[in-house]
Amino acid sequence: MAEREIVPFGDPVLRKIAKPVTELTPKMLRILDDLVDTLYAEDGRAGLAAPQIGFLRRMVVMDCGEGLIELINPEILEKSGEQIGPEACLSYPGYSGIVKRADYVKVRTLTRAGESVVLEGTGYLARCIQHEIDHLDGVLFIDRIEGDQFYHEPSEQKADLLKALKLTQK
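Owing to the predicted nature of the structure, the values given are computational and were not obtained by experimental measurement.

Asker: Go over the overall build of the protein with me, naming the residues and quoting the values.
Answerer: Within the protein, the regular secondary structure consists of three helices and nine strands. Ordered by position from the N terminus, the helices and strands of the protein form the series α-β-β-β-β-β-β-β-α-β-β-α. Rg of the C-alpha trace for the protein: 15 Å, near the compact-globule value of 15 Å for 170 residues, within the 12% margin. Projected onto its principal axes, the C-alpha positions of the protein cover 45 × 35 × 30 Å. In the protein, buried positions account for 45% of the 170 residues. Summing over all exposed atoms, the protein offers an accessible surface of approximately 8700 Å²; the carbon and sulfur share of this is 49%. In the protein, which carries 21 positive and 28 negative side-chain charges, the distance between the mean positions of the two groups comes to 7 Å.

This is the structure in structure tokens:
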């Protein structure tokens with residue numbers, strides 16, 4: 001187990017579609033453990049997808065305040081409602097934007113033991129699930145920003161969304 005470097009925006013790996021996990025081998029479980037170590041390496045981190053550490057497999061770890069959640073090959077089964085709020089990303093340190101998401105999601109996923117389970121989430125958990133699954137599909141939060149509401153938090157200035165998008169095109 002080890003903390004991994006988080007891939008920054010502009011790296012083409014963030015725009016690639018992650019492949020399904022076909023077998024939960026010791027290597028896959030080590031990557032999952034590395035995701036957990038990387039997530040918890042700093043306070044305030046809510047979620048991390050395997051592509052963000054350069055590993056193109058459909059794995060996510062999250063802790064949205066209710067404990068660790070691991071998703072392997074997650075598939076959204078249902079979405080409803082709407083929420084609009086701020087969102088940030090570990091691959092875009094210091095930046096945030098206003099994003100519209102479903103307020104409720106239901107997903108099917110595998111556990112690290114290979115069991116299929118269904119997880120439901122509302123509010124912040126639903127936002128985290130959708131954000132991280134987007135990473136598995138090569139979609140970034142900046143693709144979903146409402147209008148041009150993209151901010152550089154350290155300077156408290158509005159950032160140029162168009163420039164950010166150009167740096168991260170598929």
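Asker: A description of the pattern of salt bridges should follow, citing residues and the corresponding values.
Answerer: Enumeration according to the criterion identifies twelve salt bridges in this entry. Close ionic contact of R112 with D33 constitutes a salt bridge, the shortest N to O distance being 2.8 Å. Taken together, the residues R112 in the loop between β6 (104–110) and β7 (116–122) and D33 in helix α1 (residues 26–39) connect sequence positions 79 residues apart. The class of R112 is partly exposed, set by a relative accessible area of 32%. With relative accessibility at 19%, the residue D33 sits in the buried group. The partner of E82 in a salt bridge is K100, with the nearest N and O atoms 3.9 Å apart.

Asker: How would you explain the environment of P74 if you had to name every residue and give the values?
Answerer: Assignment of secondary structure puts P74 in strand β3 (residues 69–80). The exposure class of P74 is buried, given its relative accessible area of 5%. A sequence separation of ten residues divides P74 from I84, and the C-alpha atoms of the two residues are 23 Å apart. Excluding residues that lie within four positions of it along the chain, P74 makes contacts with R58, R108, T109, I133 and L136.

Asker: An account of the environment of T38 is requested, with residue identities and associated values reported.
Answerer: Tracing the backbone shows T38 in helix α1. The exposure class assigned to T38 is buried, which follows from its relative accessible area of 1%. When neighbours within four sequence positions are excluded, T38 is seen to be in contact with A2, E3, R4, I6, R45, L48 and I53.

Asker: Help me get a handle on the sheet that holds β3, residues and values and all.
Answerer: Strand order across the open sheet formed by five strands is β1-β2-β3-β6-β7, with antiparallel pairing between neighbours. In the strand order of this sheet, the two ends are held by β1 (47–49) and β7, each with one partner. For this sheet, the mean angle separating the axes of adjacent strands, direction not counted, is 40°. The sheet contact formed by β3 and β6 spans six bridges and is antiparallel. Across the sheet, K79 pairs through a bridge with V105, a residue of β6. Against the sheet, α1 contacts β1, β2 (59–62) and β3, and its axis sits at roughly 35° relative to β2. Packed on one face of the sheet, helix α2 (residues 123–136) meets β1, β2, β3, β6 and β7 and runs near 125° to β7.

Asker: Mind laying out the environment of L125, listing which residues take part and the relevant values?
Answerer: Here L125 lies in helix α2. Taking relative accessible area as the criterion, L125 reaches 11% and is therefore assigned buried. Note: C-alpha distance between L125 and P8 (117 residues apart in sequence) is 24 Å. The residues contacting L125, other than those within four sequence positions of it, are M62, C64, I69 and E120.

Asker: So, the side chain of E87: which residues are in play, and what are the values?
Answerer: By the element assignment, E87 lies in strand β4 (residues 83–88). Here the side chain of E87 touches H131 through a polar contact of 2.7 Å, side chain to side chain.

The rules behind each value
- Residues numbered from 1 in each chain as written.
- Predicted model: local features only at pLDDT ≥ 70, side-chain atom pairs only at ≥ 80, totals over all residues.
- Heavy atoms only, no water.
- Helix = DSSP H or I, 4+ residues; strand = E, 2+ residues; numbered from the N terminus.
- Rg over C-alpha atoms; globule rule 2.2 N^0.38 Å.
- Buried < 20%, exposed > 50% of the residue type's maximum accessible area, 1.4 Å probe, protein only.
- Areas by Shrake-Rupley, 256 points an atom, 1.4 Å probe, with all protein chains shown as cover.
- Lys, Arg positive; Asp, Glu negative; His and termini not counted.
- Charge placed at Lys NZ, Arg CZ, Asp CG, Glu CD.
- Salt bridge = Lys/Arg side-chain N within 4 Å of Asp/Glu carboxyl O.
- Contact = heavy atoms within 4.5 Å.
- Pairing = 2+ DSSP bridges.
- Axes fitted to C-alpha atoms, helices over the stretch in contact; angles between N-to-C directions.
- Polar contact = N/O pair within 3.5 Å; in protein donor to acceptor, adjacent residues only side chain to side chain.

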